[in-house]
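The chain contents come next:
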Amino acid sequence: MKSLLRFARAIDRLNELIGRGVSWLGLAAVLICAAAAIARYGMNIGSNAWLEIQWYLNAAVFLLVAAYALKRNDHVRIDAIAGRLPPRFLAWIDIVGGIVALLPTTLIIAWYSWPSLANSFHISEYSSDPGGLIRWPVRLLIPVSFTLLALQGVSEIIKRVGFLKGMVPASEFERREHAS
Amino acid sequence: MSLDLIAPLMFAGLVVFLMLGYPVAFSLAFTGLAFGLLGIELGMLQPALLQALPERVLGIMANSTLLAIPFFTLMGLILERSGMAEELLDTVGQLFGAIRGGVAYAVVFVGALLAATTGVVAASVLAMGLISLPVMMRYGYSNRLSSGVIAASGTLAQIIPPSLVLIVLADQMGTSVGDMYEGALFPGLGLAVLYAVWVLIVSIVKPEAAPACPPEMRTLHGAKLVGKVFTSMIPPLVLIFLVLGTIFIGVATPTEGGAMGASGALVMALAKRKLSWQLLRQAVESTATMTSFVMFILVGSTVFSLVFRGVNGDLWVERLLLHVPGGALGFLVVVNVMIFLLAFFLDYFEIAFIMVPLLTPVAQKLGIDLIWFGVLLAVNMQTSFLHPPFGFALFYLRSVAPKSVKTTDIYWGAIPFVCIQILMVATVIAFPRLVTSHVTAAETVKGTGAEELQRQMQEMQPGAPAAGKAPAAGDQKSDDATSEIERALKEEK
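A quick note: this is a predicted structure, and the numbers were derived from the prediction, not measured.

## Remarks on the overall build of chain A
Now for step 1: Each helix and strand counted, chain A has six helices and zero strands in total.
Now for step 2: Listing the helices and strands of chain A from first to last along the sequence gives α-α-α-α-α-α.
Now for step 3: Taking 16 Å as the expected radius of gyration for a compact globule of 180 residues, we find that chain A reaches 20 Å, considerably beyond that expectation.
Now for step 4: By its C-alpha atoms, chain A is 60 × 40 × 30 Å across when sized along the principal axes.
Now for step 5: By the burial criterion, 49% of the 180 residues in chain A qualify as buried.
Now for step 6: Once local pairs closer than 6 in sequence are excluded, the contacts in chain A between residues at least 24 apart make up 77%.
Now for step 7: As displayed, chain A has an accessible area near 8,400 Å², and 68% of this comes from carbon and sulfur atoms.

Here's what the structure looks like:
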């Protein structure tokens, strides 16, 4: 169990590192979009590449941060009923949900995104708009994102089991308040 | 016969999973996938369905209107974390301090403004929840009133022009976006007024729920207050009006407006020397995680709806519709109830792309004015955002509200506003002229690209329920649809 927990913490660190780093791309998207808007309306210049890089960046942010958000327990839950249940029961829901729902779902989507990625890379697919960007880097984001999510799912399952065994405090996976 | 049961079962399964408290995004995706695999096993669906899933994710990634979500979230967070937004609402509190429920009115007002700037419910609710909720809690407003008024005002983005919903609906129905805007203006502003009236009623009946700003907090008077107004109110208001103005006169798209707004907020925070490294890092990280969970709810619901259509969920719905007695009125009532229920788990893009093409021909046959019908649907979809327990606006608010605000507070707080919404839906059904008389010139100018889009949508529709391949093709189209919408948006302005 101890080594499993070490494994879980390693996953946590990995996703925290990725999540925190990738977040900054969101700021880059904001600045690029604002600059592109000014350039387009002020100087009447612009290109599809500038427009596309914005959604590339934003896609990178929301896809690669998802695992970190899972670690922070930021994904929204409906706690109208669940909020009244004892913590041990909730830990069980997360364990069963993780094994039955999260892992298969993320792995299936990651798996089935490979063929179109490989194809896109093979034919070096470009955006259909003139001046658009090459496509495979964004397609690559999908399997990476869902694999990271699956990894984080494993970590969460291990931590919940650790909690049930009294080896992990509940604070380790409670949702942190945004207001902090 | 048993195959017909899959769609209802799927819906029931989702409800159970959600109520267990598993994250919404993964519950949606899992229910979709599980029933998708069942459908493949039973031969209802093609295995190609699974390959369509990553394409759907790509479609969400490439949706440029959704870009407005992180931009406006970042703007809201910077304004909030740097203390500027709080200062703003504080000053408004000082100004309207003597009035009971003053901050609540400010929220409705700011909500209508934000609605007009963002047109994105998630962004409005997140920004207002971050900015207003702490202030209202500090002033002693009841949690229910605060969360209700914030969620409701946030959803005004659905209906007040330049609402994205109206653009999508206009395109789907083949009507003009401009007419849709004109038709929606009265119901939208009417709702804002009704919200304020409700605040007034609460402040009279239950004064302790909507207190005036306590006297010891009203510290500024006279010249000092005027000075405060200039330093704390004018800059953010200028920012809001710049964002709003450029979007309204058509210089900027909502996405660009959001980026400019966020950049402007950064510049203002810098100028006020309130932008620390720590603050920026927190704002950027919170924006990223919030965007992530919002987008993943969309990813989940797209998986769900793809399969739901695949197992003939749409036919199930259509069949329910065909047995409606009562002609046009019966149809309207049933359609509204149905959209209301569907919107629990489908977002408005999904409804617009799945349901509206099914409903429009029937409405046309019954001689229903399409502008009226569209506005009606838009008001209705707004209601569904607010409806406990699955209203998306409530999820969003829950995610930014402090723990001391209970989920039940958010639910109970939303109910009066849901009633107001239903009242408005009923009013619009009863008095179509409220919508149609505001639409100038009966010679409806067809929205550019709308007919073409309509044709495309109808082309993809017949194949959709049977084959797993069709949704993939449909994706391609909805990609086009997004660019069409943007183009239409620009030309309308």
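## Some details on the overall build of chain B
Now for step 1: When its secondary structure is counted, chain B shows 22 helices and zero strands.
Now for step 2: Residue pairs at least 24 apart in sequence account for 81% of intrachain contacts in chain B once pairs closer than 6 positions are excluded.
Now for step 3: Just so you have it, chain B exposes about 17,100 Å², and 69% of that area is on carbon and sulfur atoms.

## Considerations on the pattern of salt bridges
Now for step 1: Scanning the entire structure with this criterion turns up twelve salt bridges over all chains.
Now for step 2: A:Glu16 is paired through a salt bridge with A:Arg20; the nearest N and O atoms lie 3.8 Å apart. A residue pair is termed a helical-turn pair when its members lie 3 or 4 positions apart in one helix, as A:Glu16 and A:Arg20 do in helix α1 (residues 2-42) at four residues.
Now for step 3: Residue A:Glu16 is classed as partly exposed on the basis of its relative accessible area, which comes to 21%.
Now for step 4: Linking B:Arg281 and B:Glu285 is a salt bridge whose minimum nitrogen-to-oxygen distance equals 3.1 Å. One end of the pair, B:Arg281, and the other, B:Glu285, are both in helix α13 (residues 277-310), four residues apart, so they sit about a helical turn from each other.
Now for step 5: Overall, B:Arg281 belongs to the partly exposed group, its relative accessible area being 21%.
Now for step 6: The exposure class assigned to B:Glu285 is buried, which follows from its relative accessible area of 5%.

## Topic: the side chain of B:Ser292
Now for step 1: Mapping B:Ser292 onto the fold places it in helix α13.
Now for step 2: Judged by its relative accessible area of 0%, B:Ser292 is buried.
Now for step 3: Not counting the four nearest positions on each side in its chain, B:Ser292 is found in contact with A:Phe62, A:Val65 and A:Ala66.

## Remarks on a nonpolar patch on the surface
Now for step 1: The grouping of B:Val193, B:Val197, B:Leu200, B:Ile201, B:Ile204 and B:Val205 at the surface amounts to a nonpolar patch, some 530 Å² of accessible area in total.
Now for step 2: A relative accessible area of 38% places B:Ile201 in the partly exposed class.

## Regarding helix α4 (residues 87-112) of chain A
Now for step 1: A rise of 1.5 Å per residue sets the reference length of α4(A), with its 26 residues, at 38 Å; its end C-alpha atoms lie 35 Å apart and thus fit the reference within 8%.
Now for step 2: Along α4(A), the largest kink reaches about 50° and is centred on A:Gly98.

## Side note on helix α19 (residues 407-430) of chain B
Helical geometry: 3.6 residues make up each α-helical turn, so side chains three or four residues apart lie on a common side.
Now for step 1: Compared with the 34 Å implied by 1.5 Å per residue over 24 residues, the 34 Å span of α19(B) between its first and last C-alpha is a close match.
Now for step 2: Along its length, α19(B) reaches its greatest deviation from straightness, about 30°, at B:Ile415, and the proline B:Pro416 lies no more than four positions downstream.

## Some remarks on the nonpolar core
Now for step 1: Formed by 172 residues in total, the largest nonpolar core has its most connected members in A:Phe62, A:Leu63, A:Phe146, B:Met61, B:Phe296, B:Phe373 and B:Leu377.
Now for step 2: With 17 residues, the single largest contributor to this core is α13(B).
Now for step 3: Counting seven residues, the second largest nonpolar core, distinct from the first, contains A:Ile95, A:Ala150, A:Ile157 and A:Phe163.

## Section: the packing of helix α8 (residues 143-155) of chain B against helix α17 (residues 370-386) of chain B
Residue and element names in this part refer to chain B.
Now for step 1: Where α8 contacts α17, the axes come no closer than 9 Å and their chain directions differ by 150°. Considering the relative orientation of α8 and α17, their crossing is right-handed. Residues Ala 151, Ala 152 and Thr 155 of α8 lie in contact with α17, whose contacting residues are Gln 382, Phe 385 and Leu 386.
Now for step 2: For the contact of α8 with α17, the residue count by class is four nonpolar, two polar and no charged.

## A closer look at the interface of chain A and chain B
Now for step 1: Residue-level contacts link 61 residues of chain A with 66 residues of chain B.
Now for step 2: Summing the contributions of chain A and of chain B, the shared interface buries around 5,900 Å²; its carbon and sulfur component is 72%.
Now for step 3: At the junction of chain A with chain B, the criterion picks out two salt bridges.
Now for step 4: A salt bridge links A:Arg20 to B:Glu285, with the nearest nitrogen and oxygen atoms 3.3 Å apart.
Now for step 5: Summed over the shared surface of chain A and chain B, the number is five residue pairs in polar contact (both at pLDDT 80 or more).
Now for step 6: If one sorts the elements of the side of chain A that touches chain B by residue count, α1(A) sits on top with 13 residues.

## Focus: the packing of aromatic side chains
Now for step 1: Scanning all chains against the criterion turns up eleven aromatic pairs over all chains.
Now for step 2: Here the aromatic rings of B:Phe304 and B:Phe308 are separated by 5.8 Å at their centres, their planes lie at 15°, and the arrangement is stacked. With B:Phe304 and B:Phe308 both in helix α13 and four residues apart, the pair spans about one turn of that helix.
Now for step 3: Arranged with centres 6.0 Å apart and planes meeting at 25°, the rings of B:Phe331 and B:Phe373 form a pair that is stacked. Note that B:Phe331 is positioned in helix α15 (residues 327-342) and B:Phe373 in helix α17, a separation of 42 residues in sequence.
Now for step 4: Given a relative accessible area of 0%, B:Phe373 falls into the buried group.
Now for step 5: Counting every residue linked through ring pairs, the aromatic cluster contains A:Phe62, A:Phe146, B:Phe26 and B:Phe296.

## Things to note about the environment of A:Gly162
Residue and element names in this part refer to chain A.
Now for step 1: For Gly 162, the location among the structural elements is in helix α6 (residues 136-164).
Now for step 2: Judged by relative accessible area, which is 0%, Gly 162 ranks as buried.
Now for step 3: A C-alpha to C-alpha distance of 7.5 Å links Gly 162 and Leu 5, two positions 157 residues apart in sequence.

## A short note on unusual backbone geometry
Now for step 1: Unlike most non-glycine residues, A:Ser124 shows phi in positive territory, near 35°.
Now for step 2: Structurally, the position occupied by A:Ser124 is in the loop between α5 (114-122) and α6.
Now for step 3: Notably, B:Arg273 is not glycine yet its phi reads approximately 55°, a positive angle.
Now for step 4: Among the secondary structure elements, B:Arg273 is positioned in the loop between α12 (254-271) and α13.

## Some details on the packing of α4(A) against helix α3 (residues 48-61) of chain B
Now for step 1: Contact geometry of α4(A) with α3(B) gives a least axis separation of 8 Å together with a crossing angle of 90°. When the interaxial angle is binned, α4(A) and α3(B) end up roughly perpendicular. Note on element contacts: α3(B) touches α4(A) through B:Leu50, B:Gln51, B:Leu53 and B:Pro54, opposite A:Ile108, A:Ile109 and A:Tyr112.

## Points about the confidence of the model for chain A
All names here are of chain A.
Now for step 1: Residues at a pLDDT of 70 or more form 92% of chain A, whose mean pLDDT is 85.
Now for step 2: Mean pLDDT across the elements of chain A bottoms out in helix α3 (residues 79-82) (64) and peaks in α6 (92).
Now for step 3: Ignoring residues within four places in sequence, the model shows residues 176-180, a span with pLDDT below 50, making 13 contacts including any to other chains.

Conventions and cut-offs
Residues numbered from 1 in each chain as written. Chains lettered and ligands numbered in written order. Predicted model: local features only at pLDDT ≥ 70, side-chain atom pairs only at ≥ 80, totals over all residues. Heavy atoms only, no water. Helix = DSSP H or I, 4+ residues; strand = E, 2+ residues; numbered from the N terminus. Rg over C-alpha atoms; globule rule 2.2 N^0.38 Å. Buried < 20%, exposed > 50% of the residue type's maximum accessible area, 1.4 Å probe, protein only. Contact = heavy atoms within 4.5 Å. Areas by Shrake-Rupley, 256 points an atom, 1.4 Å probe, with all protein chains shown as cover. Salt bridge = Lys/Arg side-chain N within 4 Å of Asp/Glu carboxyl O. Patch = residues over 30% accessible without salt bridge, like charges linked within 9 Å, V, L, I, M, F, W, Y side chains within 5 Å. Expected span 1.5 Å × (residues − 1). Bend = angle between axes of the 7 residues up to and from the residue. Core = buried A, V, L, I, M, F, W, Y, C linked by side-chain atoms within 4.5 Å. Axes fitted to C-alpha atoms, helices over the stretch in contact; angles between N-to-C directions. Left-handed = near helix turned anticlockwise from the far one by under 90°. Nonpolar A, V, L, I, M, F, W, Y, C, P; charged D, E, K, R; others polar. Buried area = accessible area lost by both parts, 1.4 Å probe. Polar contact = N/O pair within 3.5 Å; in protein donor to acceptor, adjacent residues only side chain to side chain. Phe/Tyr/Trp six-rings, centres within 6.5 Å; stacked < 30°, edge-to-face > 60°. Parallel < 35°, antiparallel > 145°, perpendicular 65-115°, else oblique. pLDDT = per-residue confidence, 0-100.

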